[in-house]
Number of protein chains: 2
Amino acid sequence: MENKIYIVGMGPGREEMMTKEAVQALEQADVIIGYPLYLNLLGERFKAKKQLGTPMRQERERCRLCFEEAKKGLRTALVCSGDAGIYGMASLMHEVGKDYPQTELVVIPGVTAASSGAAILGAPIGDDFCVISLSDLLTPWEKIEKRLVAAAAGDFAIVIYNPSSRRRKDYLFRACNILLSQIEKERVCGFVENIGRDGCHAQICTLEELCEKEVNMFTTVFIGSSQTEIINGKLVTKRGYAMDRNAEQKEGA
Amino acid sequence: MENKIYIVGMGPGREEMMTKEAVQALEQADVIIGYPLYLNLLGERFKAKKQLGTPMRQERERCRLCFEEAKKGLRTALVCSGDAGIYGMASLMHEVGKDYPQTELVVIPGVTAASSGAAILGAPIGDDFCVISLSDLLTPWEKIEKRLVAAAAGDFAIVIYNPSSRRRKDYLFRACNILLSQIEKERVCGFVENIGRDGCHAQICTLEELCEKEVNMFTTVFIGSSQTEIINGKLVTKRGYAMDRNAEQKEGA
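Bear in mind that the values here come from a model prediction, so they are computed numbers and not experimental data.

Undergrad: I'd love a proper account of the nonpolar core, names of residues and values included.
TA: Leu210 and Ile223 of chain A together with Leu210 and Ile223 of chain B are the most contacted members of the largest nonpolar core, which totals 56 residues. Setting aside residues no more than four positions away along its own chain, leucine 210 of chain A makes contact with Leu172, Cys176, Cys189, Phe191, Cys205, Val221 and Ile223 of chain A. Counting residues in hydrophobic clusters, the runner-up holds 34 residues, among them Ala113 of chain A together with Ala118, Val188 and Ile195 of chain B.

Undergrad: Tell me about the pairing of strand β3 (residues 50-53) of chain A, residues and numbers included.
TA: When strand β2 (residues 31-34) of chain A meets β3 of chain A, the two strands line up parallel, connected through 4 bridges. Across the sheet, valine 31 of chain A pairs through a bridge with lysine 50 of chain A, a residue of β3 of chain A.

Undergrad: Can you break down the pattern of salt bridges residue by residue, with the values?
TA: In total, this model carries 37 salt bridges over all chains according to the counting rule given. For arginine 45 of chain B, the salt bridge goes to glutamate 27 of chain B, with nearest N and O atoms at 2.6 Å. With a gap of 18 residues between them, arginine 45 of chain B in the loop between α2 (36-41) and β3 (50-53) and glutamate 27 of chain B in helix α1 (residues 20-28) connect regions that are remote in the sequence. By relative accessible area, which is 38% here, glutamate 27 of chain B ends up partly exposed. Its salt-bridge partner being arginine 75 of chain B, residue aspartate 30 of chain B comes within 3.4 Å of it at the nearest N-O pair. Note that aspartate 30 of chain B is positioned in the loop between α1 and β2 (31-34) and arginine 75 of chain B in the loop between α3 (59-71) and β4 (76-80), a separation of 45 residues in sequence. One salt-bridge network, held together by shared partners, links Asp127, Asp128 and Asp155 of chain A together with Lys143 and Arg147 of chain B.

Undergrad: Provide a residue-level description of the environment of alanine 119 of chain B, including the pertinent values.
TA: Secondary-structure assignment places alanine 119 of chain B in helix α5 (residues 113-121). For alanine 119 of chain B and serine 181 of chain B, which are 62 residues apart along the polypeptide, the C-alpha to C-alpha distance reads 29 Å. The residues contacting alanine 119 of chain B, other than those within four sequence positions of it, are Val107 and Pro109 of chain A.

Undergrad: Pulling in residues and values, what's your account of helix α7 (residues 171-180) of chain A?
TA: All names here are of chain A. Those residues of α7 lying buried are Tyr171, Leu172, Ala175, Cys176, Ile178 and Leu179. One face of α7 carries all of its buried residues, which in axial projection span an arc of 155°. Taken together, the buried residues of α7 touch α6 (141-153), β8 (157-161), α8 (207-211) and β11 (219-223).

Undergrad: Give a description of the packing of α6 of chain A against α7 of chain A that names residues and reports values.
TA: Residue and element names in this part refer to chain A. Axis separation between α6 and α7 bottoms out at 9 Å; the angle between their running directions is 40°. Considering the angle they form, α6 stands oblique to α7. The way α6 lies across α7 gives a crossing that is right-handed. Contacts between α6 and α7 involve Trp141, Glu145, Leu148, Val149 and Ala152 on the former and, on the latter, Tyr171, Arg174, Ala175, Ile178 and Leu179. When its residues are assigned to classes, the contact of α6 with α7 shows 8 nonpolar, no polar and 2 charged.

Undergrad: Quick one: what's the story with the sheet that holds strand β9 (residues 188-193) of chain A, residue by residue and with numbers?
TA: The strand order across the open sheet built from 10 strands is β10(A)-β9(A)-β11(A)-β8(A)-β7(A)-β7(B)-β8(B)-β11(B)-β9(B)-β10(B), with neighbouring strands paired in mixed fashion. Among the strands making up the open sheet, the edge pair consists of β10 (201-206) of chain A together with β10 (201-206) of chain B. Taking each pair of neighbouring strands and ignoring which way they run, the sheet shows an average axis angle of 15°. Sheet topology places strand β7 (residues 129-133) of chain A next to β8 of chain A; 5 bridges connect them, and they run parallel.

Undergrad: How would you summarise the packing of α6 of chain A against helix α6 (residues 141-153) of chain B if you had to cite specific residues and measurements?
TA: Where α6 of chain A contacts α6 of chain B, the axes come no closer than 8 Å and their chain directions differ by 180°. When the axes of α6 of chain A and α6 of chain B are compared, the pair comes out roughly antiparallel. Touching Lys146, Ala150 and Ala153 of chain A of α6 of chain A are Lys146, Ala150 and Ala153 of chain B, all from α6 of chain B. In terms of residue class, the contact of α6 of chain A with α6 of chain B is built from 4 nonpolar, no polar and 2 charged.

Undergrad: Any chance you could break down the interface of chain B and chain A for me, citing the residues and the numbers?
TA: Opposite the 87 residues of chain B that make contact, chain A presents 89 residues. Roughly 8,400 Å² is buried in total at the junction of chain B and chain A, and carbon and sulfur atoms are behind 54% of that figure. On inspection of chain B and its partner chain A, the count reaches 12 salt bridges. One salt bridge connects glutamate 15 of chain A with lysine 20 of chain B, and the closest N-O pair in it is separated by 3.5 Å. At the surface where chain B touches chain A, the tally comes to 29 residue pairs in polar contact (both at pLDDT 80 or more). Its residues placed into classes, the side of chain B that touches chain A shows 31 nonpolar, 25 polar and 31 charged. Two elements, β7 of chain A and strand β7 (residues 129-133) of chain B, share 3 bridges in a ladder whose sense is antiparallel. Bridge pairing in β7 of chain B links phenylalanine 129 of chain A to valine 131 of chain B.

Thresholds applied
- Residues numbered from 1 in each chain as written.
- Chains lettered and ligands numbered in written order.
- Predicted model: local features only at pLDDT ≥ 70, side-chain atom pairs only at ≥ 80, totals over all residues.
- Heavy atoms only, no water.
- Core = buried A, V, L, I, M, F, W, Y, C linked by side-chain atoms within 4.5 Å.
- Buried < 20%, exposed > 50% of the residue type's maximum accessible area, 1.4 Å probe, protein only.
- Contact = heavy atoms within 4.5 Å.
- Pairing = 2+ DSSP bridges.
- Helix = DSSP H or I, 4+ residues; strand = E, 2+ residues; numbered from the N terminus.
- Salt bridge = Lys/Arg side-chain N within 4 Å of Asp/Glu carboxyl O.
- Arc of directions from axis to C-beta.
- Axes fitted to C-alpha atoms, helices over the stretch in contact; angles between N-to-C directions.
- Parallel < 35°, antiparallel > 145°, perpendicular 65-115°, else oblique.
- Left-handed = near helix turned anticlockwise from the far one by under 90°.
- Nonpolar A, V, L, I, M, F, W, Y, C, P; charged D, E, K, R; others polar.
- Buried area = accessible area lost by both parts, 1.4 Å probe.
- Polar contact = N/O pair within 3.5 Å; in protein donor to acceptor, adjacent residues only side chain to side chain.

Shape descriptors only; they carry no functional weight alone.
As structure tokens, then:
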């Protein structure tokens, strides 16, 4: 391989929540590329570096920019919020990379909002769960509906990314209504806004109450499974250790 | 609150893959508690600290140990591999914590195997996905089957944790057979053994081939969705950017 591009998951935003290898990849980079909001979240010491961004809607152009910079021989890092592989740029980079076979892509994983939001709420995804984005720019709404129904049918805890935007104010309401046709309205839920950033705020509520919430686009929503309950004000999905404490063999935790 | 316990997700194992706040919590701890295998993965500089472990099957005792150490006034950290909230100890700690209302639990999220395994394989969970554990010590097998069927019905990419153990050698085979009744045998899949540790090994195969694989308990398995393909030897789930590149407004990546 002629050169490498590091696709870096920066976690929720604060540098303390980045992995050491993510920080190192940025420190060693000649150029850091990303959506401008995420470049702004990077610490002061990265501001001295060459930084390039493209706005929303220009993800493909952002990818090409990475490959072109790498071609010049510059050590190139692309930053994504959360984990680069979960609704991040890793997928599109591999796709665009078809045209640049001489460039190796190294994905550096990060803490995704399912994990960082869960940590604040308690332990809502301590057992099997689904992750669903409500953005219908990349997935037809009918498919999102079908996935919500399937997730409820499987009694998964559900994590919802991109629950809202300027253009999609009622999407969380629509998703909750689909879930209400499948599960009881008292089901415990929660959401966290601005995880790991200024103005971080978490709230626990029922599914019925969640329907009426207005959340912003920097919010991650959690719908409990049938095993989720509120313990000391925290949202916790039990794995049934109590039931099995005398089982013959227990596995990794 | 009288005292705090830090429940620390250490990521796959290598310290470079821990977040800075996770490393700091361990550095500041007076006592580090965990499953002995995970204590062993910690760097040399943590060996000088008081370390306590309980074997498998004694997760509840491990939790009580944390609360008892914290009660003595010791700064206590509990380590889990991956993310503490995803099949980790966060859920059980909150449950056991009912008996210790004076102790605050702080969960420090980490990089879970879904993210770290995906980074090695390419970008298999770039779109909606489910996470399912095949361990039936804590969940009845019938429920696991139901979730596999629901995940296939929703056309999710699927991440399988705990695919195998000494006692459950044929569980991945059983799971694949359930999936084969729902989706085509050519569906692209992959798995990664020993992520972020010595002997890390990744492989891509079809669902039919996956049926015949013998994997160890330190393996994470990925089943593609209908949108997953192999690009330059990597497993990539597309989000449909190509289709939508002229959409009116694109959202965060």
